Amino acid sequence: DKAIWRELHALVVKKVNGGTGGALALSRLPDHQSHDLWVGAFVTDKATILDTMESVFHLPGAMQEADGLNAYRSEVEYAEGMARRLGWAVETYRQHSDGGWEGRVKSAGPKKNELFDKLKSKAMTFYWTAVEKRRDLLMAYVEAFVLDPESAQVGKSSWRAAVEKTAADAYRLACGSQTARQLRAFALGQEKLKSANNGGIHENAVKISEVSE
């Protein structure tokens, strides 16, 4: 349930002195050389192979360095934090637009997480698909961060602006605003989403988790 690009910072860590890390071939790359990473997997049912999956990623040389990996990881976490905020916003909208929502959550019991996932699926599918398409901005920032950290802030701002806009677009897609009640609910949910743009994503992680659970 998580796209490979969100785990790249873990997959490309070089092995040092036989320790843990990514593919052994990574240790043979010259320093700061860009490269392609192929990731493949079997889709199985017990002992039967049903399908195969593969992805190819072009990685800048900066991803070989600790600073580059940390910068990448940090911005993936930013996108994940925005996704949690989007889920919170959609749930807030539903609570105020649907008078019977809280009753359905209570009656769902142990299956309430499935109910939440179904509620947020439209927004989340749109969000993550669109964010992945802007991954070039993230890679450009990571490369610049290693070469010139001060000027890289422009790239970081561009990436985060794209993430925030995508979250706003996903929210509008999932939450209607035709009736008076919907308009009020839309505004309340939108406030939850906008508060993330003022540095509140990581600070409010516990609250978001509590709402999601």
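Above this note sits the structure.
Residues numbered from 1 in each chain as written. Predicted model: local features only at pLDDT ≥ 70, side-chain atom pairs only at ≥ 80, totals over all residues. Heavy atoms only, no water.

> Got a minute to help me understand the overall build of the protein chain in this structure?
Scanning the protein chain for helices and strands turns up eight helices and two strands. Overall, the protein chain shows an N-to-C arrangement of helices and strands of α-β-β-α-α-α-α-α-α-α. Counting only residues that meet the buried cut, the protein chain has 35% of its 213 residues in that class. Taking all contacts inside the protein chain whose residues are at least 6 apart in sequence as the whole, residues at least 24 apart take part in 69%. On the protein chain, roughly 12,400 Å² of surface is accessible, and the fraction owed to carbon and sulfur atoms is 52%. (Helix = DSSP H or I, 4+ residues; strand = E, 2+ residues; numbered from the N terminus. Buried < 20%, exposed > 50% of the residue type's maximum accessible area, 1.4 Å probe, protein only. Contact = heavy atoms within 4.5 Å. Areas by Shrake-Rupley, 256 points an atom, 1.4 Å probe, with all protein chains shown as cover.)

> I'm lost on a nonpolar patch on the surface in this one. Help?
A cluster of nonpolar side chains, contributed by Val43, Leu50 and Met53, occupies part of the molecular surface with about 290 Å² of accessible area. Turning to its location among the elements, Val43 is positioned in strand S1 (residues 35-45). (Patch = residues over 30% accessible without salt bridge, like charges linked within 9 Å, V, L, I, M, F, W, Y side chains within 5 Å. Salt bridge = Lys/Arg side-chain N within 4 Å of Asp/Glu carboxyl O.)

> Help me understand the nonpolar core, please; the structure alone is not making it clear to me.
Across soluble globular proteins, nonpolar side chains show a tendency to be buried alongside one another. Membership of the largest hydrophobic core comes to 44 residues, with the highest contact counts inside it found for Trp5, Leu8, Tyr72, Leu86, Tyr127 and Tyr171. Listed by contribution, the elements that provide at least two residues to this core are S1, strand S2 (48-59), helix H2 (66-97), helix H4 (112-133), helix H5 (135-147), helix H6 (152-174) and helix H7 (180-194). In terms of residue count, H2 provides more of this core than any other element does, 12 residues in total. Filtering out sequence-adjacent residues up to four positions away, Trp5 remains in contact with Phe57, Tyr72, Val76, Trp128, Val131, Glu132, Arg135, Leu138 and Trp159. (Core = buried A, V, L, I, M, F, W, Y, C linked by side-chain atoms within 4.5 Å.)

> What exactly am I supposed to notice about the pairing of S2 here?
If a strand is regular, its side chains alternate between the two faces of the sheet. Here 11 bridges tie S1 to S2, and the two strands are oriented antiparallel to one another. Of the residues in S2, the one forming a bridge with His35 is Leu59. Where S1 folds back on S2, the antiparallel hairpin that results is connected by two residues, among which Lys46 adopts a positive phi of roughly 60°. (Pairing = 2+ DSSP bridges.)

> Explanation requested: the packing of H2 against H5 in the structure shown.
Each pair of packed helices gets described by two things: the angle between the helix axes and the distance between those axes. As a packed pair, H2 and H5 sit with axes 9 Å apart at the nearest point and diverge in direction by 145°. At the point where H2 passes H5, the crossing takes the right-handed sense. Counted together, Asp67, Gly68, Ala71, Tyr72, Glu75 and Val76 of H2 and Arg135, Leu138, Met139, Tyr141, Val142, Phe145 and Val146 of H5 form the full contact between these two elements. (Axes fitted to C-alpha atoms, helices over the stretch in contact; angles between N-to-C directions. Left-handed = near helix turned anticlockwise from the far one by under 90°.)

> Quick question: what am I supposed to make of the pattern of salt bridges here?
Pairing between side chains becomes possible if they bear opposite charge and their charged atoms approach one another. One pass over the structure, following the stated rule, counts eight salt bridges. Ionic pairing is found between Lys2 and Glu7, a salt bridge with its closest N-O pair at 3.2 Å. Across the pair Glu91 and Lys120 runs a salt bridge whose closest N-O atoms are separated by 3.7 Å. Note that Glu91 is positioned in helix H2 and Lys120 in helix H4, a separation of 29 residues in sequence. Comparing Glu91 with Lys120, the two get one shared label, buried.

Function cannot be read off these values alone, since they describe shape.
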